[in-house]
Each structure stands twice: as C-alpha cells, then as structure tokens.
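Residues per chain, in single letters:
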Amino acid sequence: MTTTLTQSPVLKRNPVLVWIVFPIITLGIYFFVWYYKIHKEMAEQRRDPEAPVAGPLLVMIFLGWTGIAALISFWRTGSRIRATQENAGLEPSCSPGIAFLLNFVLGLGILYYQVELNKIAALDNQ
C-alpha cells in the first residue's frame, strides 16, 4: 500500500523579503498581494470553502484608513494562521497578540506571520 503525500498549499517565503524588500520595491502593493495569497493558501490548506479569501484583502484596501478595521483584520489573520497550523498537525504557535504588538515596531507583524506560515510549509520537507 502506498501513501500519497500532497504538498501543502502554504508556500515558504523569505520573511525579510515579504516584510521589507518587496513592499519597498513595489511601493507597498506587494503587501496586498501577499495578504490575499496567504488567505487563499490557508483556505486551501484547511479545505474550508467558507474561509475568507478576498474579504480580508478588501478590508485592508477599503477600510484600512480607519485603522481599527485593519487591526481587527490583522488580528483575525493571526487566528487563521493558528488554526491552519493546528489543521496541519502542528502545535499552534502563532499569537495574534504578539503580531499586534510587533506591528507597532517597524511593522514586524508581517515578518512574524510569515515565519509562522513557513512552519506549515516546512512540513513538506520532513
């Protein structure tokens, strides 16, 4: 009997490139691309057709100026990463609270979230 290993839809990305390099090169547009992609990948990983994919991106684009909507969306993203880690069989280690605080320090919340997502992607290499 053979078992088929499927590759995780969550991609491993360089956290520093995601956090600072690509957003600077694209004048901030890459953040929105990344935000959409990670939500799509998490929905595919969890096989949840009800998982929000475009919604969080639309909140960031159209309601980000309010500040509070962006913070709530970013907090919920951390909760989704945590749930995706658990669904992948990992011990959930992503903390929306830590990311929330890191956002106020040079926007490090993005770097933190990508490091946490890379833990899911690393399961394929084991």
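Source: prediction; values computed, not measured.

Here we come to the overall build of the protein. Of regular secondary structure, the protein possesses 6 helices and 0 strands. Scanning the protein from its N terminus toward the C terminus, one meets helices and strands in the order α-α-α-α-α-α. Taking 2.2 N^0.38 as the reference for a compact globule, 126 residues should give roughly 14 Å; the C-alpha atoms of the protein span a radius of gyration of 15 Å, in line with that estimate. Seen along its three principal axes, the alpha-carbon backbone of the protein occupies a region of about 55 × 30 × 25 Å. Relative to its full complement of 126 residues, the protein shows a buried share of 37%. At a minimum sequence separation of 6, the contacts of the protein that also span at least 24 residues come to 62%. Summed over its atoms, the accessible surface of the protein is roughly 7,500 Å², and 66% of this surface lies on carbon and sulfur atoms. Considering the protein, the positive charge centre built from 10 side chains and the negative charge centre built from 8 side chains are found 5 Å apart.

Packing of helix α4 (residues 68-87) against helix α6 (residues 108-121) leaves a shortest axis separation of 10 Å and a crossing angle of 15°. Taken together, the axes of α4 and α6 lie roughly parallel to each other. Two packed elements cross with a definite hand, and for α4 against α6 that hand is left-handed. Residues F74, W75, T77, G78, I81, T84 and Q85 of α4 form the contact with α6, whose participating residues are G109, I110, Y113, E116, L117, K119 and I120.

To continue, consider the nonpolar core. Counting residues in each nonpolar core, the largest one holds 20 residues, and the members touching the most others are F31, W34, Y35, F74, I110, Y113 and L117. Sorting elements by how many residues they give to this core places helix α2 (residues 29-46) first, with 6 residues. Discounting chain neighbours no more than four positions away, the residues touching L117 are V10, I38, M42 and I81.

So, on to a nonpolar patch on the surface. Nonpolar side chains collect at one region of the surface, where L58, I61, F62, L63 and W65 lie side by side and expose about 580 Å² of accessible area between them. Along the chain, L58 turns up in helix α3 (residues 54-63). Residue classification places L58 among the partly exposed residues on the basis of a relative accessible area of 42%.

Analysis parameters
Residues numbered from 1 in each chain as written. Predicted model: local features only at pLDDT ≥ 70, side-chain atom pairs only at ≥ 80, totals over all residues. Heavy atoms only, no water. Helix = DSSP H or I, 4+ residues; strand = E, 2+ residues; numbered from the N terminus. Rg over C-alpha atoms; globule rule 2.2 N^0.38 Å. Buried < 20%, exposed > 50% of the residue type's maximum accessible area, 1.4 Å probe, protein only. Contact = heavy atoms within 4.5 Å. Areas by Shrake-Rupley, 256 points an atom, 1.4 Å probe, with all protein chains shown as cover. Lys, Arg positive; Asp, Glu negative; His and termini not counted. Charge placed at Lys NZ, Arg CZ, Asp CG, Glu CD. Axes fitted to C-alpha atoms, helices over the stretch in contact; angles between N-to-C directions. Parallel < 35°, antiparallel > 145°, perpendicular 65-115°, else oblique. Left-handed = near helix turned anticlockwise from the far one by under 90°. Core = buried A, V, L, I, M, F, W, Y, C linked by side-chain atoms within 4.5 Å. Patch = residues over 30% accessible without salt bridge, like charges linked within 9 Å, V, L, I, M, F, W, Y side chains within 5 Å. Salt bridge = Lys/Arg side-chain N within 4 Å of Asp/Glu carboxyl O.

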